[in-house]
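# Observations on chain architecture
Here's the letter readout for the chains.
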Amino acid sequence: MHPESTPPAPRRERIRRRSWLRILLPAVLILVWLAGASFGGPLFGKIDEVSSNDRTTYLPESADATQVQALLSEFRESDAIPAIVVFTADEELDAGRRDTIAEAIAVVADIDGVDEELSPPLPSDDGRAVQAFVPISSDAEIGDVVSEITADLRAAAPPGVEVFVTGPAGFTADLVAGFAGIDGLLLGVALLAVLLILVLVYRSVLLPLVVLSTSLFALCVALLVVWWLAKAEVLLLSGQTQGILFILVIGAATDYSLLLVARFREQLRVTEDKGAAVVAAWKGSFEPIVASGGTVIAGLLCLLLSDLKSNSTLGPVAAIGIVFAMLSALTLLPSLLMLFGRSAFWPRRPVFDPPTVAAEGGVPTGLWAGVARLISRRSRAIWIVTTVVLLTGALGVTQLNASGVPQSELVLGVSEARDGQQALGEHFPGGSGSPAYIVVDETELQDAADLLLSIDGVDALSVASADSPGGAALVTADGISAAGPPGAPTPEPTVVDGRVLIQATLTDAADSAAAAATVREIRAEPQLVDALVGGVTATAIDTDDASIHDRNLIIPVILVVILLILMLLLRSILAPVLLIATTVLSFGTAMGISALVFNGILGFPGADPAVPLFGFVFLVALGIDYNIFLMTRVREESGRHGTRDGVLRGLTITGGVITSAGLVLAATFAALSVIPILFLVQLAFIVAFGVLLDTFIVRSLLVPALVRDIGRAVWWPSKLGRGIS
């Protein structure tokens, strides 16, 4: 170096400090994320320690079912969860086989987790079935205990006798088995799908691993925070929330990473220094990533308005995940890119070639340049045709049945509890073992009993009693009688604060529409207006009613919140309104097509009322993401080239990265379908299809064509709206 070109000493010192900073800061950030992941990673197998799938725990405290559930332990000595064991045969069971069944049931009491107070075997009227109630401790691993009971009873059952375990404990065991693949199968499928897409997008060996590590580290640290908050009972976790958290963090972190990597690749073509390229890419990505993540977080936190705790707790859990997805993309990923530089793209390293970039005008050639030219020529025709097509698809919404599904249909595929419930209903009242609980004033017991027995759908009544066999005494129109042998003394009902507990066995299965109608009729009786009605059926009713209330309240709130955020971001009124309208249209089409698929192809029994709400939250919040990625770049280009040219340039520059992001997000949500839970499978289809629709139709054709046709007026009332077109 010539003496005259040697930098002055102060400048050399600044350069030296900057060089050390570029090495030290990324190293520190990488170590911090490694430490967080090392603590969060081991928690993947321990989430069930701090989660619950009991639907009652998620109801509002004011709900009848919640209040009754809290009172049950006061009326009964145990808060055990009942399993209903059903033995069936094709012919009448003789005395020998009934004795063998009784002996087998007695042995079940020795299983860890089973309470000692077993009910005696109850034969059916046709003599071809026997049922028994096996109480399982609420502190036990329900799935393991049910599996052991089933195995032992089938081994001990007489020849020609089938054994089923159903009831609340049986269905809980089915849910536990259904969610069992979340920690392993779901995560593995999602990561593999993302990895394959990244390899196809980058055609690189190292970069897909860098991006995937960014997502996985974000998930580990988010899980660390969520797990301890759930441990401290600040948050509620369920298998459903857990699955959504995994998918959302992986998808969002990958999307944000794709945006930053695209900017980094652009900078490497015009900047020789990898450090300067990382800084420039970070500056160019910061606003859209923060705006996108902030929009999703705002939408998710609107769920806090929910009466249903399964909805209100998902909001902060998922928002925590998005926070760490953003932090990982803005800190860990730049650090890794600073470490690897151009080598991350090997074998297709970006070449430092400013003249070529200048000749291209900063706009790449290829597929998206062709799409931009098509929009330039036929913008009005394109947005009109795509709008009509989307509206046509949205008509299918009228076929959507989202009023709730039976508990027996929550698990797809084989269900031991569902088979058992069907066998139970063939020989006993369908509601056996899952009664409706009615808490009434002690002085109104007999009047309430007479009224309940007059209602169609109520098969039998009993009243909680500590001095009666099985803890319950029969209630008939003639009064209370012992459930034991003739001549036994009449038991006294258990009284708590002047109230008694009536157990109503329903004619129909507890999760059926007929049982729900019966419970609603009980609640509507003027003489029972002060009574509390709980149980499995009441819990389902209260859950569905709360979910419908949440859906009708939260969807409009989310729209308003996101609209305000977009107005602040784009400094415009018209553009945000158009973006919201196109995203809602996309959501409507996704729901319409999904309804047709669910009903006509997959034959689903319906959908949970929360399905449209969750679909809306994810599709609108995440769909707006892609419009934010597009429109922030369009606004940037419009300031230099005018709106009509700016939208074409923005589409061409962002087309590849946004399409890749859409494919990643669709693939991650589609991975939810490997968990055989109806809600998650439906949500997986709705969001995956909706994201693809938004990526390839709305963001690629409808929005650019609409903005191109409107021109600079789309930025009204900002200064940009008064500039060149």
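Structure's up top.
Think of each chain on its own: its residues are numbered from 1, step by step along the sequence as written. For a predicted model such as this one, the threshold for reporting local features is a pLDDT of at least 70, and the threshold for listing and counting side-chain atom pairs is 80 or more; totals across whole chains, interfaces and linings nevertheless cover every residue. Processing note: side-chain calculations cover all non-hydrogen atoms of the structure and skip hydrogens and water entirely.

Turning to helix α9 (residues 274-301), a few remarks are in order. In DSSP terms, a helix is any run of H or I states spanning at least four residues, a strand is any run of E spanning at least two, and both are numbered starting from the N terminus. By this rule, a helix spans an expected 1.5 Å times one less than how many residues it contains. Here α9 contains 28 residues, and its C-alpha end-to-end distance of 38 Å stays within 8% of the 40 Å for a straight helix at 1.5 Å per residue. Bend angle per residue: angle between axes fitted to the 7 residues ending at that residue and the 7 residues starting there. At S285, α9 shows its largest bend, some 40 degrees, and a proline, P288, comes one to four positions later.

With that settled, the discussion passes to helix α18 (residues 574-601). End to end, α18 covers 40 Å across 28 residues, agreeing with the expected 40 Å (1.5 Å per residue, within 8%). One or two steps after α18, the chain reaches G603, where phi turns positive at roughly 65 degrees.

As a further point, take the sheet that holds strand β2 (residues 122-123). Across the sheet, 4 strands lie side by side as β2-β3-β1-β4; this open sheet has antiparallel pairing. Of all the strands in the sheet, just β2 and β4 (162-166) have a single pairing partner and so form its edges. Here β2 runs beside strand β3 (residues 129-136); their pairing, made up of 2 bridges, is antiparallel. Bridging across to β3, P123 finds its partner in V130. In the packing of helix α5 (residues 167-178) onto the sheet, the strands contacted are β1 (81-88), β3 and β4, and the crossing angle to β1 comes to about 95 degrees. For two strands to be treated as a pair, DSSP must find at least two bridges joining them. Here a residue-residue contact requires only that any non-hydrogen atoms of the pair lie within 4.5 Å. With axes taken as lines fitted to C-alpha atoms, and helix axes fitted only over the stretch in contact, angles between N-to-C directions fall between 0 and 180 degrees.

Salt bridges are defined by distance alone: a side-chain nitrogen of Lys or Arg within 4 Å of a carboxyl oxygen of Asp or Glu. Summed over all chains, the structure comprises 15 salt bridges. For E636, the salt bridge identified is with R263, shortest N-O distance 3.3 Å. Of this pair, E636 sits in helix α19 (residues 610-641) while R263 sits in helix α8 (residues 239-270); the two residues are 373 residues apart in sequence, bridging distant segments of the chain. Burial classes follow relative accessibility: with a 1.4 Å probe on protein chains only, a residue under 20% of its type's maximum area counts as buried, one over 50% as exposed, and anything between as partly exposed. Assessed through its relative accessible area of 32%, E636 is described here as partly exposed. Across the pair R640 and E637 runs a salt bridge, and its minimum N-O distance is 3.2 Å. Of this pair, R640 and E637 both sit in helix α19, 3 residues apart, which is roughly one turn of the helix. Its relative accessible area of 52% is what places R640 among the exposed residues. In this structure, a network of salt bridges that share partners links the residues R263, E266, R633, E636, E637, R640 and R649.

A few words now on the pairing of strand β10 (residues 532-535). In regular strands, side chains alternate between the two faces of the sheet. Because side chains alternate across β10, one face comprises the buried residues L532 and G534, and the other comprises V533 and G535, equally buried. Relative to β10, strand β5 (residues 436-441) runs antiparallel, the two sharing 4 bridges. Note on β10: the bridge partner recorded for V439 is L532.

To continue, consider the side chain of R635. Tracing the sequence through the fold places R635 in helix α19. Pairing of N or O atoms within 3.5 Å defines a polar contact, subject to two protein rules: one partner must be a possible hydrogen donor and the other a possible acceptor, and residues neighboring in sequence count only if both atoms are side-chain atoms. Of note is the side chain of R635, whose polar atom sits 2.9 Å from the backbone oxygen of L570. Once you skip the residues sitting within four places of it in the chain, R635 turns out to touch L570, R571, W715, S718 and L720.

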